[in-house]
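Here is how the chains run, residue by residue.
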Amino acid sequence: MSSMNRWRPLAQDGLLAVAMALFLSVVVAITPHAGALDLAAALAGSLALVAWRRAPLAALVVSAGCMLALAAHVRPGPAAAFPVIVAVFAAFRAGHRLATALVGTAFLGAGLMVRLPSADGSLRDLQSLSLLVGWFVAAGVTATVTRHRQAYLEEAERRAAEAERTREEAALRRAGEERLRIARELHDSLTHSISIIKVQAGVAVHLARRRGEDVPPALLAIQEASGDAMRELRATLEVLRDDGRSGGESPASGLDRLDDLVERARSIGLPATVTISGTRCDLPAEVDRAAYRIVQEALTNVSRHAGGAAAAVRVDYAGGELVVQVDDDGQADPDAPPVPGTGLLGMRERVTALGGRLRAGPRPEGGFTVRAELPLGEPS
């Protein structure tokens, strides 16, 4: 397409030059005493218009010289000035005002001397010369108007591009400010509360050990979970405060921490097993994080909504995709599927963003299943 656009102006200029050459060939053919040299001058002056866009001054000089040579020998009348008028328009539009005025004046003066307008009386000569002067002035005025209009359009395009760039910068600035506001709110509202939970759990564990008492597993799970929550919250705040210039990846949980996640679930009384099949491989960071979060949310839902149930976590490295499935043997009813909450919606958004598929619902044999199929290639 770009090649076609590049050749289109040249084709248009060629058609203009050929049309002018044909017209002047007819004029020369019906002009008395015209010969082959006159036809050659007419053709050369017309075909010079091929360069009227790329080399307007050269086209003007060649066409003016050839037309003067033609007019000096056979005097074809005002038609000999047509290629020169087109060249004057092109040179004026290109900004060569002084040179164009000099060449145009020289052409008109020399044409008057050789009686370019075909007539016997001086009055007719002056009338034809006045007509030619008017044509030349009109060509110059039209070229000036065209040049100004083109400059106006270019300026309008530049301003539109500048306005678009300014809008994009303003949107990015507002997005950055919103990220910082969210980061501040999260820090002020969550960090303090989680820190208190972590400190209180640590104090309770310390006092129990000093007294020689057994530390409740739930208390240890609270202490560990609050520490992980603080770590992940700090990672989230770093992401929110990052303006994109660092280019680095924030540390986040992945399947390398799956055993810790399952062990924590066991510590709060949730029987859980892990099965990994297939050949392990390095996972894309987004897929690794999504798989961890899906297992985390699924185990949380089992502990909250399926008390006393056991959970089975399966991770399958199946060729071009990673399959993560969490099943429980709770009391979920296939005929009354639960209303999706924020957790399930978040799972689906993660999987969809990676171009994968998610199934979350009751199992026919009872219980609930969450199955995510995550492609390992580029997101679709």
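Residues numbered from 1 in each chain as written. Predicted model: local features only at pLDDT ≥ 70, side-chain atom pairs only at ≥ 80, totals over all residues. Heavy atoms only, no water.

Where an unreviewed UniProt entry is consulted, the protein chain appears under the name histidine kinase, with the organism given as Actinomadura luteofluorescens. Under Catalytic activity (unreviewed entry), UniProt gives the following word-for-word description of the protein chain: "ATP + protein L-histidine = ADP + protein N-phospho-L-histidine." (UniProt positions renumbered as here; feature names shortened; annotations may be inferred.)

When you line up the elements, Ser25 lands in helix 1 (residues 2-29). For the pair Ser25 and Leu43, spaced 18 residues apart in sequence, the C-alpha to C-alpha distance is 7.2 Å. Apart from residues lying up to four places away in sequence, Ser25 is in contact with Leu39 and Leu43. (Helix = DSSP H or I, 4+ residues; strand = E, 2+ residues; numbered from the N terminus. Contact = heavy atoms within 4.5 Å.)

Next up on the list: the pattern of salt bridges. Summed over the entire model, instances satisfying the criterion amount to 13 salt bridges. Across the salt bridge formed by Arg159 and Glu155, the nearest N and O atoms sit 3.0 Å from each other. Here the residue Arg159 and the residue Glu155 both occupy positions in helix 6 (residues 122-210), the gap between them amounting to four residues, near one helical turn. On the basis of relative accessible area, Arg159 is assigned to the exposed category, the value being 56%. A salt bridge links Arg165 to Glu169; its shortest N-O distance comes to 2.4 Å. In this pair, Arg165 and Glu169 both sit in helix 6, four residues apart, roughly one turn of the helix. Looking at Arg165, the relative accessible area reads 37%, which means it is partly exposed. Here the residues in one salt-bridge network are Glu321, Arg357, Arg371 and Glu373, joined through shared partners. (Salt bridge = Lys/Arg side-chain N within 4 Å of Asp/Glu carboxyl O. Buried < 20%, exposed > 50% of the residue type's maximum accessible area, 1.4 Å probe, protein only.)

The next subject is helix 5 (residues 97-113). Taking 1.5 Å of rise per residue, 17 residues should cover 24 Å, and helix 5 covers 24 Å from first to last C-alpha, within 8% of that figure. Those residues of helix 5 not exposed but buried are Thr100, Gly104, Phe107, Leu108 and Gly111. Within helix 5, the buried residues cover an arc of 95° as seen down the axis, which keeps them to one side. Opposite its buried face, helix 5 presents the exposed residues Leu98, Leu102, Thr105 and Met113, each directed more than 90 degrees away. (Expected span 1.5 Å × (residues − 1). Arc of directions from axis to C-beta.)

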